[in-house]
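Each chain, letter by letter, is given below.
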Amino acid sequence: MIPLVLLDLDGTVIGSNGQVLPCVWAAVDKLKAAGGRLAVCTGRPRVGVAKKVAERLGEATPHIFQNGA
């Protein structure tokens, strides 16, 4: 098992409409149920949809925002 998957947001998790598609959340839930961990790695600041995604992936997981990405 891969111990941690880092997710870019723009154009991958967050679609062109600025939202996360239900199929993405289904894949996230499936991986988490299998024991996988996911984290955000983005150039976006930790506000708005980026914050919501990080919170859903797991608040205890270290996420990378803004200039850290």
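The structure presented is a predicted model; accordingly, all values stated were derived computationally and were not measured.

**Some details on the packing of aromatic side chains**
Part 1 of the argument: As enumerated under the stated definition, the model contains 0 aromatic pairs in all.
Part 2 of the argument: The ring of W25 has R56 lying over it, and the distance from NZ or CZ to the ring centre is 4.1 Å.

**Considering the confidence of the model for the protein chain**
Part 1 of the argument: Averaged over the protein chain, the pLDDT score is 90; the fraction of residues at 70 or greater is 97%.
Part 2 of the argument: Ranking the helices and strands of the protein chain by mean pLDDT puts strand β2 (residues 38-40) first, with 94, and strand β1 (residues 5-7) last, with 92.

**Remarks on the nonpolar core**
Grouped burial of nonpolar side chains is what soluble globular proteins tend to show.
Part 1 of the argument: L9, V13, V20, V40, V53 and L57 are the most contacted members of the largest nonpolar core, which totals 15 residues.
Part 2 of the argument: Elements represented by at least two residues in this core include exactly α1 (22-33), β2 and α2 (48-57).
Part 3 of the argument: Looking at which element gives the most residues to this core, the answer is α2, with 4 residues.

**Focus on α1**
Part 1 of the argument: Taking 1.5 Å as the rise per residue, α1 with 12 residues should run 16 Å; its terminal C-alpha atoms sit 16 Å apart, in good agreement.
Part 2 of the argument: Taken together, the buried positions of α1 are V24, W25 and V28. The buried residues of α1 occupy one face: seen down the axis, they fall within an arc of 95 degrees. Across from the buried face of α1, at angles greater than 90 degrees, the exposed residues are P22, C23, K30 and A33.
Part 3 of the argument: Buried residues along α1 sit in contact with β2 and α2.
Part 4 of the argument: Positive backbone phi, approximately 95 degrees, marks G35, located one or two places after α1.

**Let's talk about the pattern of salt bridges**
Opposite charge on two side chains permits pairing when their charged atoms draw close.
Part 1 of the argument: Per the stated rule, a full pass over the model turns up 3 salt bridges.
Part 2 of the argument: A salt bridge links E55 to K51, with the shortest nitrogen-to-oxygen separation between them at 3.9 Å. Placement of both E55 and K51 in helix α2 is noted, with a separation of 4 residues, approximately one turn of the helix.
Part 3 of the argument: Assessed through its relative accessible area of 32%, E55 is described here as partly exposed.
Part 4 of the argument: On the basis of relative accessibility, which here comes to 32%, the residue K51 falls in the partly exposed class.

Definitions and limits used
- Residues numbered from 1 in each chain as written.
- Predicted model: local features only at pLDDT ≥ 70, side-chain atom pairs only at ≥ 80, totals over all residues.
- Heavy atoms only, no water.
- Phe/Tyr/Trp six-rings, centres within 6.5 Å; stacked < 30°, edge-to-face > 60°.
- Lys NZ or Arg CZ within 6 Å of the ring centre and 35° of its normal.
- pLDDT = per-residue confidence, 0-100.
- Helix = DSSP H or I, 4+ residues; strand = E, 2+ residues; numbered from the N terminus.
- Core = buried A, V, L, I, M, F, W, Y, C linked by side-chain atoms within 4.5 Å.
- Buried < 20%, exposed > 50% of the residue type's maximum accessible area, 1.4 Å probe, protein only.
- Expected span 1.5 Å × (residues − 1).
- Arc of directions from axis to C-beta.
- Contact = heavy atoms within 4.5 Å.
- Salt bridge = Lys/Arg side-chain N within 4 Å of Asp/Glu carboxyl O.

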